[in-house]
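Survey of secondary and tertiary structure
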Amino acid sequence: MTLGTGTESSIVIEITFWVLAVSTVISAIAVVHIRDLFRASLFLIVTFLGVAGMFILLRAEFLAGVQLMIYVGAISVLLIFAILMTRELENGNQSHFMRVVVGLISTALMLLSIYLISETNWNLLSESGVGNDDTVIHTFSDESIPTLAKMLLADYLLAFEMVSVLLLAAVLGALALVREDNK
Amino acid sequence: MTLEKFLTIGAILFFIGLYGVLSKKNSIAILMSLELMFNGINLTAVAFSRYIKPAELMPAVADVSKYLLTGQVFTIFIITVAAAEVAIGLAIIIAIYRTNQSVLITEANNLKK
């Protein structure tokens, strides 16, 4: 089996990609346009699911699982809790008076970046894999998770430990911030 | 062609998030738009790690496979930091809500008073 053959050329993959792309982009637009903040958070979950599907299309199954557990499972629940706790639902999801200017600027930047993406001559992996190299092909089939584990716990060990310290600090900081003052 | 499709979706997500961050008044909505931006970046990083030939990728390198997964490792770190940031951000929003009875960022101007 080589890179770029088989599943990629299938029409099913192509249809899946476009369904995921359209639903992701539409729900992302809904997140910033819907006035009801609670419904906007539900559309945010749809966007997270779409990105998880795209991770699967990119052969990053582990990241798709992580995305489902952390974004769909944890972050969206936290956001919905915060929305319901702060009782700002009746005020809706208001925007600044500057939003037209901001919208024009972001649209212009988006068109510019899409133009740059299509114009750049990317240094792609060749469709038949890299040279005579079989490990490349294995990376994207069944060896991707062991390789990720090796990288995380060997090459990026320092960053891994720093992230654990960061998470500890975040837990303690969140607890300290929301604690009631009982003097 | 396939790389460009994923990069375009990532860019669209990023700039929709940018619009939300810059135009919203509600701080929870800003946090949600920030998550959209993170997702666009993650999608871009994973697409690069899937389709781009790394500069270090020489035939002589023994364990060549790990260079191909650098983008995925970056994404794991981004997701972790985003989770920590959401926890802290929501704690700050709850604290602001306790003092101001509002989560609108236009109301959070206590330093001006």
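Definitions and limits used
Residues numbered from 1 in each chain as written. Chains lettered and ligands numbered in written order. Predicted model: local features only at pLDDT ≥ 70, side-chain atom pairs only at ≥ 80, totals over all residues. Heavy atoms only, no water. Axes fitted to C-alpha atoms, helices over the stretch in contact; angles between N-to-C directions. Helix = DSSP H or I, 4+ residues; strand = E, 2+ residues; numbered from the N terminus. Parallel < 35°, antiparallel > 145°, perpendicular 65-115°, else oblique. Contact = heavy atoms within 4.5 Å. Nonpolar A, V, L, I, M, F, W, Y, C, P; charged D, E, K, R; others polar. Phe/Tyr/Trp six-rings, centres within 6.5 Å; stacked < 30°, edge-to-face > 60°. Buried < 20%, exposed > 50% of the residue type's maximum accessible area, 1.4 Å probe, protein only. Lys NZ or Arg CZ within 6 Å of the ring centre and 35° of its normal. pLDDT = per-residue confidence, 0-100. Polar contact = N/O pair within 3.5 Å; in protein donor to acceptor, adjacent residues only side chain to side chain.

Some thoughts on the packing of helix α1 (residues 11-33) of chain A against helix α1 (residues 2-23) of chain B
When two helices pack together, their arrangement is given by the angle between their axes and by how far apart the axes lie. Look at α1 of chain A against α1 of chain B: their axes get within 9 Å of each other, and the N-to-C directions meet at 10 degrees. Taken as axis vectors, α1 of chain A and α1 of chain B run roughly parallel relative to one another. Along its contact with α1 of chain A, which presents E14, F17, W18, A21, T24, V25, A28, I29 and V32 of chain A, the element α1 of chain B presents K5, F6, I9, I12, L13, I16, Y19 and G20 of chain B. Along the lines of polarity and charge, the residues of the contact of α1 of chain A with α1 of chain B split into 13 nonpolar, 2 polar and 2 charged.

So, the packing of aromatic side chains
The final tally for this structure, using the stated rule, is 8 aromatic pairs over all chains. Seen from their ring centres, F48 of chain A and Y71 of chain A are 4.7 Å apart, and the 45 degrees between their planes marks the pair as tilted. Residue F48 of chain A is found in helix α2 (residues 37-57), and its partner Y71 of chain A is found in helix α3 (residues 61-86); the two are separated by 23 residues along the sequence. With respect to class, F48 of chain A is no different from Y71 of chain A; both count as buried. These aromatic residues form a ring-pair network of at least three members: F17 and W18 of chain A together with F6 and Y51 of chain B. K5 of chain B extends its terminal NZ or CZ atom over the ring of F17 of chain A, reaching a point 4.8 Å from the ring centre. Its guanidinium or amino end placed over the ring of Y51 of chain B, R50 of chain B lies 4.8 Å from that ring's centre, counting from NZ or CZ.

Thoughts on the confidence of the model for chain B
Where the model shows low pLDDT, its predicted coordinates should not be examined in detail. Residues and elements named next belong to chain B. When pLDDT is averaged along chain B, the result is 85; 88% of the residues meet or exceed 70. Mean pLDDT values over the elements of chain B span from 91, in helix α3 (residues 70-100), up to 93, in α1. The complex model carries a pTM of 0.86, and its ipTM stands at 0.88.

Considerations on the side chain of Q67 of chain A
The topology assignment puts Q67 of chain A in helix α3. Within the local environment of Q67 of chain A, its side chain forms a polar contact with the backbone oxygen of F48 of chain A, the two atoms lying 3.2 Å apart. Apart from the residues within four sequence positions on either side, Q67 of chain A is in contact with F48, V51, A52, F55 and V72 of chain A together with N39 and I79 of chain B.

Quick look at the confidence of the model for chain A
Residues and elements named next belong to chain A. Predicted confidence across chain A gives a mean pLDDT of 82, with 81% of residues reaching 70 or more. Here residues 1-7 is modelled with pLDDT under 50, and outside its nearest four sequence neighbours on either side it reaches 16 contacts, counting other chains as well. Across residues 128-139 the pLDDT falls below 50, and counting only partners more than four positions away or on other chains, this stretch makes 21 contacts in the model.

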